[in-house]
Amino acid sequence: MQFNREQLLEAYRSMRTIRDFEERVHEEFSGGGIPGFVHLYAGEEASAVGICSHLDNRDMIASTHRGHGHCIAKGVDVPGMMMEIYGRRNGVCGGKGGSMHIADLSKGMMGANGIVGGGPPLICGAAMTAKYKKTGGVAVAFVGDGGSNQGTTLESYNLANVWNLPVIFVVEDNGYAESTASGWSVSGTQLDRAKGFGMPGVEVDGHDFFAVHEAASECIDRARNGDGPSLMHVKLNRFFGHFEGDAMTYREEGEIQRVRAERDSLKIFRARVTEMALLEDAQLDEIDAQVAALIDQCVKESENAAAPSEADLLTDVYVTY
Amino acid sequence: MAKKSYRQAINEAIAQEMRRDENVLLWGEDNAGGAGAKGEDDAWGGVLGVTKGLYPEFGPDRVLDTPISESAFVGAAAGAAATGLRPVVELMFADFMGVCFDQIFNQAAKFRYMFGGKAVTPLVVRTMYGAGFRAASQHSQCLYSLFTHVPGLKVVVPSSPYEAKGLMIQAIRDDDPVIFFEHKVMYDEEEEVPDDPYTIPFGEANLTREGDDVTIVALGRMVGFANQVADKLEKEGISCTVLDPRTTSPFDTETLMECVEETGRVVVVDESNPRCSMASDISSMIAQDAFGALKAPIKMVTAPHTPVPFAPELEDLYVPSTAKIEAAVRATFA
């Protein structure tokens, strides 16, 4: 696919926003400003953006514990997300979801998920809605290599194929399910699993926006054309631990420095577009500055925002009692 | 008014709602299964035939078979509900809920709250419960207490064909996730049921008998047993109120407390196991809010704390009987 300048700038802005959002959440979490558990996506930006840049509001995605990147790539309000992570009343979920449950159905984001493997069945349902209502929409389930071992995921492969649903299963394989290496915990290969369910599969370098975008294009077209589900095995790395505070003793010494130096999807993107003279450094620098200011503002506003009140505790349990 | 069975009443409710709203879809194991196969001129309509006839009327786009994959198809129903459909799914026997419990209690039940009130989940999970079918431990449990414990779910336990139809139509129109418990031994029980659609609101208890001396709180199949006991004791001058909560979540505590204040004696009848059950829950609500009105200790009549046995002689002992209910009522006068 040929990209125009606006598309490339938008892709870069989205990846940069994810990166800065995550780096800043890391910083603020270590400073004690953010409650609870946080699982960061930094390093995996090209996957979320490469895939979601094909999608619009008809299309639904379901995410994982590591959901911030998917949310941003799908267009969820960034200041509202930061507020949510701080547990503020004006967060996108009113402070009731937090980092692990950020959702905005109006943007096609069915939620990060606190349950590993929780999303694939849900996305089959979203795909059924799109198919039955003939919206032309597709549904994307992001799972990690850990989630790929859940029965829910494998059952969903089967159901999506049996019902011929417009689904794309994206296995984001960062090499670790929490601390456990995927080399140890995943039997067989992701592509063989796809094949076992009679579904096309593709493996892709998850640090390369262009490679992800191209692979996704084929899978999404197939789903939109009514030709059923497919699987993407996206190989990538995460810059941080499973959760914030994870000492990462299971990772090799120097591994993260090496990944940051050699496999940084933003650097790879910048080098590619400037070498090919598609964009100029100055344009990208300008986006960097804008995003930095946005994230700064998000944190300041979140720090000062109101917490939910006691009355909010009991609302939203049911639609009607 | 025509007499209809509990099975027909549920079938009619679903059919009428499917005719009214094209977003109501039905799926589950064997719902469309068997259709067109040799020797079958119709789909099974689920393992006990509750949805029979819906596949020929509504076709394969709206009545779907699923693989035996409860997590996937119940989760898919939750996802479909959150995105604009109103799925009714059959989860065959309630005992199989364990397989997909996560999708119900971590996903469907929590969408609305976790998403800050911005989600609706109009999902109905129909399931069969209860002992008396000689089906032993893995096909006979009463698990409504488990679901009542989880905020965000509505839990319905209908006690008769009339109740089943009105509550099912309400369940399908309701915007929250509903777990609908059908007692498998009651499917052939009949009573007069209106042809036209009607709803019975959730959270409003029904008094099937009104009396001054004792309140019998009973659930599902036990309501019929309680009515029999009330009728018998009436002849002896013991007048009973029989309270059918209809829904265990939401629960009509107001009517319960009014009845307890009036009668001062309470027997709670629940087919499920006694620990952390509806019986213990209802008893504790009364102890907390109406202790002063009690003239005698609260009596619970439940199954024993064992799995459901297979041998007919044992299973008959397992299910609360009218004799045990009657003895409990008499004991409140001791």
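Residue numbers restart at each chain and count upward from 1, following the sequence in its written direction. By the order in which they are written, chains take letters starting at A while ligands take numbers starting at 1. Thresholds applied to this predicted model are a pLDDT of at least 70 for local features of residues and 80 or more for the giving and counting of side-chain atom pairs; totals over whole chains, interfaces and linings are not thresholded and use all residues. Heavy atoms throughout the structure, all of them, feed into the side-chain values; hydrogens and water do not.

(A) Looking closely at the overall build of chain B. Numbering of helices and strands starts at the N terminus; helices are DSSP runs of H or I of at least 4 residues and strands are runs of E of at least 2. On a plain count of helices and strands, chain B comes out with 12 helices and 14 strands. Taking 334 residues into account, the globule formula puts the C-alpha radius of gyration at 20 Å, and chain B, at 20 Å, falls close to it. With respect to the principal axes defined by its C-alpha atoms, chain B has extents near 60 × 50 × 40 Å. Between two residues, a contact is recorded if the distance between any of their heavy atoms is within 4.5 Å. For chain B, restricting intrachain contacts to residue pairs at least 6 apart in sequence, the fraction spanning at least 24 positions comes to 81%. Counting every atom, chain B has about 12100 Å² of accessible surface; 51% of that belongs to carbon and sulfur. One way to put it: in chain B the 29 positive side-chain charges average out to a point 1 Å from where the 49 negative ones average out. It is over C-alpha atoms that the radius of gyration is taken, and the globule rule equals 2.2 Å times the number of residues to the power 0.38. Areas reported as accessible are Shrake-Rupley estimates using a 1.4 Å probe. Residue values count occlusion only from the protein chains shown. Charge assignment in this entry is limited to Lys and Arg as positive and Asp and Glu as negative, and neither His nor the chain termini are counted. The atoms used to mark charge sites are NZ of Lys, CZ of Arg, CG of Asp and CD of Glu.

(B) Representation of the packing of aromatic side chains in the model. Paired rings are identified among Phe, Tyr and Trp, the last through its six-membered ring, by centres lying within 6.5 Å, and are further divided according to the angle between planes into stacked (under 30 degrees), edge-to-face (over 60) and tilted (the rest). One pass over the full model with this rule turns up 21 aromatic pairs over all chains. With a centroid separation of 5.2 Å and 80° between ring planes, the pair formed by Phe209 of chain A and Phe210 of chain A is classed as edge-to-face. Side by side, Phe209 of chain A and Phe210 of chain A carry an identical accessibility label, which is buried. Ring geometry for Tyr144 of chain B versus Phe181 of chain B: centroids 5.8 Å apart, planes at 90°, classification edge-to-face. Partly exposed describes any residue whose relative accessible area lies between the buried limit of under 20% and the exposed limit of over 50%, with all areas from a 1.4 Å probe on protein chains only and scaled to the type maximum.

(C) View of the packing of helix 2 (residues 45-52) of chain A against helix 9 (residues 209-224) of chain A. All names here are of chain A. The N-to-C vectors of helix 2 and helix 9 enclose an angle of 40°; their axes lie 8 Å apart at closest approach. For the element pair helix 2 / helix 9, the angle class is oblique. Crossing hand, helix 2 versus helix 9: right-handed. Counting all contacts with helix 2, which are made through Ala46, Ser47, Val49, Gly50 and Ile51, the residues of helix 9 involved are Phe209, Val212, His213, Ala216 and Ile220. Classifying every residue of the contact of helix 2 with helix 9 gives 7 nonpolar, 3 polar and no charged. All axes are obtained by fitting lines to C-alpha atoms, using only the stretch in contact for helices, and the reported angles, taken between N-to-C directions, cover 0 to 180 degrees. Each angle is binned into one of four classes, with values under 35 degrees roughly parallel, values over 145 roughly antiparallel, values of 65 to 115 roughly perpendicular, and all other values oblique. The hand of a helix crossing depends on one turn: near helix anticlockwise from the far one by less than a right angle means left-handed, and clockwise means right-handed. In this classification, Asp, Glu, Lys and Arg are treated as charged, Ala, Val, Leu, Ile, Met, Phe, Trp, Tyr, Cys and Pro as nonpolar, and every other residue, Gly included, as polar.

(D) Examining the side chain of His242 of chain A more closely. Residues and elements named next belong to chain A. Locating His242 in the fold gives a position in the loop between strand 7 (230-235) and helix 10 (255-262). At a separation of 3.1 Å, a polar atom in the side chain of His242 contacts the side chain of Arg66. Beyond its immediate stretch of four places on either side in the chain, His242 contacts Val38, His39, His65, Arg66, Glu178 and Tyr250. Pairs of N or O atoms within 3.5 Å make up the polar contacts considered here, provided that, within protein, one atom can donate a hydrogen while the other can accept it, and that residues adjacent in sequence are counted only when both atoms are side-chain atoms.

(E) Region of the structure containing the sheet that holds strand 2 (residues 139-144) of chain A. Residue and element names in this part refer to chain A. Pairing within the open sheet is parallel, and its 5 strands lie in the order 1-2-3-7-6. Looking at the sheet topology across the chains shown, the edges are occupied by strand 1 (60-62) and strand 6 (201-205). In this sheet, adjacent strand axes meet at a mean angle of 20° when their direction is disregarded. Sheet strands touched by helix 6 (residues 151-162): strand 2, strand 3 (167-173) and strand 7. Its angle to strand 3, the strand with the most contacts, is close to 155°. Pairing between strands is defined by DSSP: at least two bridges between the two strands are required.

(F) How the structure looks around unusual backbone geometry. Omega for the peptide link from Ser249 of chain B to Pro250 of chain B comes to 0°, which places this bond in the cis form. Here Pro250 of chain B shows up in the loop between strand 12 (247-249) and helix 9 (253-263). At Asn164 of chain A, a position not held by glycine, the phi torsion is positive, near 50°. Tracing the chain through its elements places Asn164 of chain A in the loop between helix 6 and strand 3.

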